[in-house]
Amino acid sequence: MARVAVFVAIVAALGLPGSFSVLGAVPITAQTFGVMLAGAILGPRLGALVVIVLLALVAVGLPLLAGGRGGVSVFVGPSAGYLVGWVAGAFVTGLIVHSAARKPAIWRTALATVVGGIVVVYAFGIPVQSVITRLSLEQTVLTSLVFLPGDLVKATLATLTVTTLLRAYPRAFRRTWLSPRAQDASGSDVTR
């Protein structure tokens, strides 16, 4: 629970610098970087739990989203789908990073942050934004492309952060991975 609380604080703090909007009603924030980190470091269940706790705190009125936004109204605005997408994005990111018995490779972490932190979040966010803003899905996709460069930078930073943290403090991942030799030895014990 302490790790979940720490990551809730990290995601909330990433909203403190504020936000800005370009070509739309959905703000550009650093908070998706925190969502990517939560999933990649804590795994699918705890990563998703971080976002659920954050959104519950926002729902009761705490101004934890970028720009000091909070309250139930954020769940009926243009960014509502992105907020829900954060939960699924953290889950998918964690699922991909922690899918193997070996330590997360840089390529798997990069794939996870792009698929979970960008593709999944957009898959939830764009359709909801389209409905709320009454723009066609195609127009919404085109206007949402403004987010892509920043999100790719966040995915790169999350990948580098996770890779560095894995080398410096592997216990942060709450999981120990076996070396290839140890995996072979434990696998042969199971088959006997």
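Let us look at the structure shown here. From a predicted model like this one, the values you see are computed outputs, not experimental measurements. (Residues numbered from 1 in each chain as written. Predicted model: local features only at pLDDT ≥ 70, side-chain atom pairs only at ≥ 80, totals over all residues. Heavy atoms only, no water.)

1. Concerning helix 3 (residues 44-59)
Across its 16 residues, helix 3 extends 22 Å between first and last C-alpha, which sits within 8% of the 22 Å expected from 1.5 Å per residue. All of the buried residues in helix 3 are Pro44, Gly47, Ala48, Val50, Val51, Leu54, Leu55 and Val58. Looking straight down helix 3, one finds its buried side chains confined to an arc of 145°; they lie on one side. (Helix = DSSP H or I, 4+ residues; strand = E, 2+ residues; numbered from the N terminus. Expected span 1.5 Å × (residues − 1). Buried < 20%, exposed > 50% of the residue type's maximum accessible area, 1.4 Å probe, protein only. Arc of directions from axis to C-beta.)

2. Side note on helix 7 (residues 148-168)
For the α-helix, the turn length of 3.6 residues means that residues three or four positions removed from each other point alike. With 21 residues, helix 7 should cover 30 Å at 1.5 Å per step; its first-to-last C-alpha distance of 30 Å lies within 8% of that length. Taken together, the buried positions of helix 7 are occupied by Asp151, Lys154, Ala155, Ala158, Thr159, Val162, Thr163 and Leu166. Buried residues in helix 7, looked at end-on, bunch into an arc of 165°, giving them a common side. The exposed set on the far side of helix 7, more than 90 degrees from its buried face, consists of Pro149, Arg167 and Ala168. Check the buried side of helix 7 and you find it contacts helix 2 (31-42) and helix 5 (106-133). (Contact = heavy atoms within 4.5 Å.)

3. Considerations on a nonpolar patch on the surface
Taken together, the side chains of Ile106, Trp107, Leu111, Val153, Leu157 and Leu160 define a hydrophobic patch exposed on the protein surface, amounting to about 610 Å² of accessible area. Elements with a contribution of two residues or more to the nonpolar patch: helix 5 and helix 7. Summarising the element assignment, Leu160 is placed in helix 7. On the basis of relative accessibility, which here comes to 45%, the residue Leu160 falls in the partly exposed class. (Patch = residues over 30% accessible without salt bridge, like charges linked within 9 Å, V, L, I, M, F, W, Y side chains within 5 Å. Areas by Shrake-Rupley, 256 points an atom, 1.4 Å probe, with all protein chains shown as cover. Salt bridge = Lys/Arg side-chain N within 4 Å of Asp/Glu carboxyl O.)

4. So, the packing of helix 2 against helix 3
Between two packed helices, both the angle of their axes relative to each other and the distance between the axes serve to describe the pair. Put simply, helix 2 and helix 3 touch, their axes get as near as 6 Å, and they point 150° apart. As judged from the angle between their axes, helix 2 and helix 3 are roughly antiparallel. Taken as a pair, helix 2 and helix 3 cross one another with a handedness that is right-handed. Contact with helix 2, carried on its side by Val35, Ala38, Gly39 and Leu42, involves Pro44, Leu46, Gly47, Val50 and Val51 of helix 3 and no other residues of that element. (Axes fitted to C-alpha atoms, helices over the stretch in contact; angles between N-to-C directions. Parallel < 35°, antiparallel > 145°, perpendicular 65-115°, else oblique. Left-handed = near helix turned anticlockwise from the far one by under 90°.)

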